[in-house]
Amino acid sequence: MLKTLTAEAIAEYERDGFYFPIPVLGAEEVQRYRSALEAFERDNGGPLRGPMMFKTHLLFRWVDELIRHPKVLDAVEDILGPNLLAWNTHFFIKEPGDERYVAWHQDLTYWNLDPDEGLTAWIALSPSTPESGAMRMVPGTHTREVVPHLDTWKKGAMLTRGQEIAVEVDEDKAIDVTLRPGEMSLHHQKIFHASPANRADDRRIGLAIRYIPTHVRQVVIDDDSAALVRGTDEYGHFQLEPRPERDMDPALVAMQAEAAERQARILYHGTDRPTFRADI
C-alpha cells in the first residue's frame with residue numbers, strides 16, 4: 001500500500017525520473033531548521049564548505065531529524081520500499097550573486113553504488129525558483145546509462161570535480177523544479193539535471209538526502225557507512241551510523257570527519273585528490 005504518493009505520482013516518477021512538489025515541512029519547521037543552520041554559520045564564520053557539506057546528519061540533531069522525517073520517508077518508501085538507508089546528506093547553498101552553479105550531470109557518475117536503485121530527496125529551506133537557481137531536469141534521461149562526464153575543476157562549480165556531462169543535453173526539454181520552502185522533490189540518480197547561479201535576493205538553501213535500499217552496496221571501498229532510517233538491514237553492506245544526541249557532539253564530529261574522508265575516497269576515486277575542495 002502506498003503511504004503518501006498516488007499511483008499517478010509513482011507513474012510520473014518512473015516515466016520522467018523525478019517528481020515534485022511534495023509538501024513535507026510546515027512553516028514553523030522550515031523556520032526552525034533554517035534558523036539552526038544560520039545560527040551555526042554565524043557562530044563559525046560563514047557558510048558550510050568543503051568536508052562539512054557532507055554527512056551533516058552526524059553533526060546536527062536537526063539534520064538527523066530531517067533524514068528521518070515521516071513525511072519524507074513515507075514518500076521515499078513508496079518508491080524504494082520499506083528498508084532504507086540515508087547514504088549521505090549534502091547541502092547546496094547559493095548566496096545571492098555568488099555565481100556558484102551546478103553543471104549538467106548524473107548523480108550516479110562517481111557514487112559507485114550497485115545496483116542503481118537510489119534516489120535524492122531534495123528539501124527546500126528557502127524558495128527554489130528559476131531566479132534563485134532552482135534545479136532543472138530533462139525528463140526521461142534516467143533511462144539512459146551513465147554517459148561520459150568531463151572533470152572541469154572550475155571555480156564556482158559546486159560538484160566535487162566540477163563534473164559536466166560530455167554529450168549533448170537538450171536543454172529545451174528541461175523542466176524547472178520550482179519549490180516553496182518546506183517542499184521536496186525526488187529524483188532518480190541517473191537523471192540529467194543542473195542548476196544556474198542565484199540571481200534572487202534571498203539565499204537558495206537545499207538539503208539533498210541520498211537514500212538507498214539496504215541491498216545496495218558500495219563497490220569502491222569496503223568501509224562505507226550510512227544511517228538506517230527505516231526498516232531493517234539484513235545485508236550489512238554499510239557500517240551503521242549512530243544518531244547524534246546533541247549538535248557537534250565531539251565523538252560524532254570525529255566520526256563525521258572520517259565519514260567525509262571516506263566520501264572523498266569514493267567521489268575522487270581515480271584522481272590524485274585526497275580530500276574535498278575547500279570551495280565547493
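None of these values were measured; they are calculated from a predicted model.

(A) Broad picture of the environment of Asp-223. Topologically, Asp-223 is positioned in the loop between strand E13 (217-218) and strand E14 (225-230). Overall, the relative accessible area of 24% leaves Asp-223 in the partly exposed class. Expressed as a C-alpha distance, the spacing of Asp-223 and Gln-239, which sit 16 residues apart in the sequence, is 6.8 Å. Apart from residues no more than four positions distant in its own chain, Asp-223 is found in contact with Gln-239, Arg-262 and Arg-265.

(B) Broad picture of the pairing of E14. The element E14 is extensively covered by neighbouring structure, given that 5 of its 6 residues are classed as buried. Summarising the sheet, strand E2 (residues 84-94) and E14 pair through 3 bridges and their orientation is antiparallel. Residue pairing for E14: Leu-85 is matched across the bridge by Leu-228.

(C) How the structure looks around the sheet that holds strand E5 (residues 119-124). If you walk across this open sheet you meet the 7 strands as E1-E10-E5-E12-E2-E14-E15, and the pairing is mixed. Unpaired on one side and paired on the other, strand E1 (18-23) and strand E15 (239-240) mark the two borders of the sheet. Lying over the sheet, helix H5 (residues 250-267) contacts E2, E14 and E15, oriented at roughly 85° with respect to E2.

(D) View of the sheet that holds strand E9 (residues 175-176). Strand order in the open sheet formed by 4 strands is E3-E11-E6-E9, and the pairing between neighbours is antiparallel. Each having just a single partner strand, strand E3 (102-105) and E9 make up the two edges of the open sheet. Looking at chain direction, E3 and strand E11 (residues 193-195) are connected through 2 bridges and run antiparallel. By the bridge assignment for E11, Val-102 is matched with Ser-195.

Calculation notes
Residues numbered from 1 in each chain as written. Predicted model: local features only at pLDDT ≥ 70, side-chain atom pairs only at ≥ 80, totals over all residues. Heavy atoms only, no water. Helix = DSSP H or I, 4+ residues; strand = E, 2+ residues; numbered from the N terminus. Buried < 20%, exposed > 50% of the residue type's maximum accessible area, 1.4 Å probe, protein only. Contact = heavy atoms within 4.5 Å. Pairing = 2+ DSSP bridges. Axes fitted to C-alpha atoms, helices over the stretch in contact; angles between N-to-C directions.

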